[in-house]
Amino acid sequence: MEEPRKHTRHKVMIPAEADTAENPVPVDVVEISIEGLRLQSKNFFYPDALVSVRIKMGRNITFNGWTVWVLDKYLPEGHVYHTGIQIESITDAGVGLIGTKRIEDLIDEILGSAASRRGGRG
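Definitions and limits used
Residues numbered from 1 in each chain as written. Predicted model: local features only at pLDDT ≥ 70, side-chain atom pairs only at ≥ 80, totals over all residues. Heavy atoms only, no water. Buried < 20%, exposed > 50% of the residue type's maximum accessible area, 1.4 Å probe, protein only. Helix = DSSP H or I, 4+ residues; strand = E, 2+ residues; numbered from the N terminus. Pairing = 2+ DSSP bridges. pLDDT = per-residue confidence, 0-100. Phe/Tyr/Trp six-rings, centres within 6.5 Å; stacked < 30°, edge-to-face > 60°.

Draft legend 1. Quick look at the pairing of strand β4 (residues 50-56). A large share of β4 lies buried, amounting to five of its seven residues. Pairing geometry for strand β1 (residues 10-19) and β4, over three bridges, is antiparallel. Bridged to Glu17 within β4 is Arg54. Pairing of β4 with strand β5 (residues 60-75) involves seven bridges; the strand directions are antiparallel. Across the sheet, residue Lys56 finds its bridge partner in β5, namely Asn60. Turn length for the β4-β5 hairpin, with the two strands adjacent in sequence and antiparallel, is three residues, and the turn residue Gly58 shows positive phi of about 85 degrees.

Written out as structure tokens, the structure is:
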């Protein structure tokens, strides 16, 4: 079966904070690509909800987008939700709004930062 996505998805485990119209909640970013994020959380995000996801890596990076799908997951450590976010815009606290041409560089930087937090293990 052919992969329907245009861009490579990267498996990561990055602590973050997600915010809808309600209070911010802790999440883990478990996949990242140029067009989207997969979040893992104990909190449910409604489909079609506008979500802001903040990753702290020396500065705040905020991914703004829409919830496009939600799955129930039952892991050994308990029930969680996996949520797919389609990215509409990205803001870097250090430089402002990230343009399309810089997104790949930012993803590479995030992947490098995540790898260094794990001690260089891939």
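Draft legend 2. Representation of the confidence of the model for the protein chain. Summarising the model, the protein chain shows a mean pLDDT of 88, and 91% of its residues fall at 70 or more. Per-residue pLDDT, averaged within each element of the protein chain, yields its smallest value for helix α1 (residues 100-117) (83) and its largest for strand β3 (residues 36-41) (97).

Draft legend 3. Representation of the packing of aromatic side chains in the model. Counted by the stated rule, this structure contains two aromatic pairs. Ring geometry for Phe44 and Tyr46: centres 5.0 Å apart, planes at 85 degrees, overall edge-to-face. The exposure class assigned to Phe44 is partly exposed, which follows from its relative accessible area of 38%. When its relative accessible area of 56% is taken as the criterion, Tyr46 is described as exposed. Relative to Tyr81, the ring of Phe44 has its centre 5.3 Å away and its plane inclined at 75 degrees; by these criteria the two rings are edge-to-face.

Draft legend 4. Looking closely at the pairing of strand β2 (residues 25-32). Counting buried residues along β2, six of its eight residues qualify, which places the element largely inside the surrounding structure. Where β1 meets β2, seven bridges bridge the pair, whose relative direction is antiparallel. Bridge pairing links Ala16 to Val27 in β2. The antiparallel hairpin formed by β1 and β2 contains five residues in its connecting segment. Summarising the sheet, β2 and β3 pair through four bridges and their orientation is antiparallel. Opposite Ile32, over in β3, you have Leu37 as the bridge partner. Counting the residues between successive antiparallel strands, the hairpin from β2 to β3 contains three residues.

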